[in-house]
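Summary of the model geometry
Each chain is listed here by its residues.
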Amino acid sequence: MKKHAAVALVLLAISGVPAFAAAIDVADVVTDIGAQLVPVGLLGSAVLLLTVGIKAFKWVRRAMS
């Protein structure tokens, strides 16, 4: 019985039954993501600047001792 079920499943998968789903409107999501580019970029720049500052401070402190 399991063999027949597997064959039926394969036949259904390759039969190409069309799906009549409505198109999803993603325009609002794309607009919201685009609006967040500047704040995310500023936050990333601040984190990078802080990381480089800490590394430079440790490097200078090690060079002076």
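Basis of the calculations
Residues numbered from 1 in each chain as written. Predicted model: local features only at pLDDT ≥ 70, side-chain atom pairs only at ≥ 80, totals over all residues. Heavy atoms only, no water. Helix = DSSP H or I, 4+ residues; strand = E, 2+ residues; numbered from the N terminus. Rg over C-alpha atoms; globule rule 2.2 N^0.38 Å. Buried < 20%, exposed > 50% of the residue type's maximum accessible area, 1.4 Å probe, protein only. Areas by Shrake-Rupley, 256 points an atom, 1.4 Å probe, with all protein chains shown as cover. pLDDT = per-residue confidence, 0-100. Axes fitted to C-alpha atoms, helices over the stretch in contact; angles between N-to-C directions. Contact = heavy atoms within 4.5 Å. Nonpolar A, V, L, I, M, F, W, Y, C, P; charged D, E, K, R; others polar. Expected span 1.5 Å × (residues − 1). Patch = residues over 30% accessible without salt bridge, like charges linked within 9 Å, V, L, I, M, F, W, Y side chains within 5 Å. Salt bridge = Lys/Arg side-chain N within 4 Å of Asp/Glu carboxyl O. Lys, Arg positive; Asp, Glu negative; His and termini not counted. Charge placed at Lys NZ, Arg CZ, Asp CG, Glu CD.

1. So, the overall build of the chain
Broken down by element type, the chain carries three helices and zero strands. Of the regular secondary structure in the chain, the N- to C-terminal order runs α-α-α. For the chain, the C-alpha radius of gyration of 28 Å lies well beyond 11 Å, the compact-globule estimate for 65 residues. Within the chain, the proportion of its 65 residues that are buried is 0%. If you sum the accessible surface of the chain, you get close to 6500 Å²; carbon and sulfur atoms cover 75% of it.

2. Concerning the confidence of the model for the chain
Detailed reading of the predicted coordinates is not advisable wherever pLDDT is low. Averaged over all residues, the pLDDT of the chain is 88; the fraction at 70 or higher stands at 92%. Between the elements of the chain, mean pLDDT differs from a low of 80, seen in helix α1 (residues 2-14), to a high of 96, seen in helix α3 (residues 37-64).

3. Thoughts on the packing of helix α2 (residues 27-35) against α3
Each pair of packed helices can be described by the angle between their axes along with the distance between the axes. Running from N to C, α2 and α3 point in directions that differ by 35 degrees, and their axes come no closer than 4 Å. Packed against α2, whose contacting residues are I33, G34 and A35, the element α3 presents L37, V38 and P39 at the interface. Here the contact of α2 with α3 is composed, by residue class, of five nonpolar, one polar and no charged.

4. Quick notes on α3
Compared with the 40 Å implied by 1.5 Å per residue over 28 residues, the 40 Å span of α3 between its first and last C-alpha is a close match. Within α3, only zero of the 28 residues are buried, which leaves it mostly out in the open.

5. Thoughts on a positive patch on the surface
Taken together, the side chains of K55, K58, R61 and R62 present a region of like positive charge at the surface. Counting through the fold element by element, R62 comes out in helix α3. On the basis of relative accessibility, which here comes to 62%, the residue R62 falls in the exposed class.

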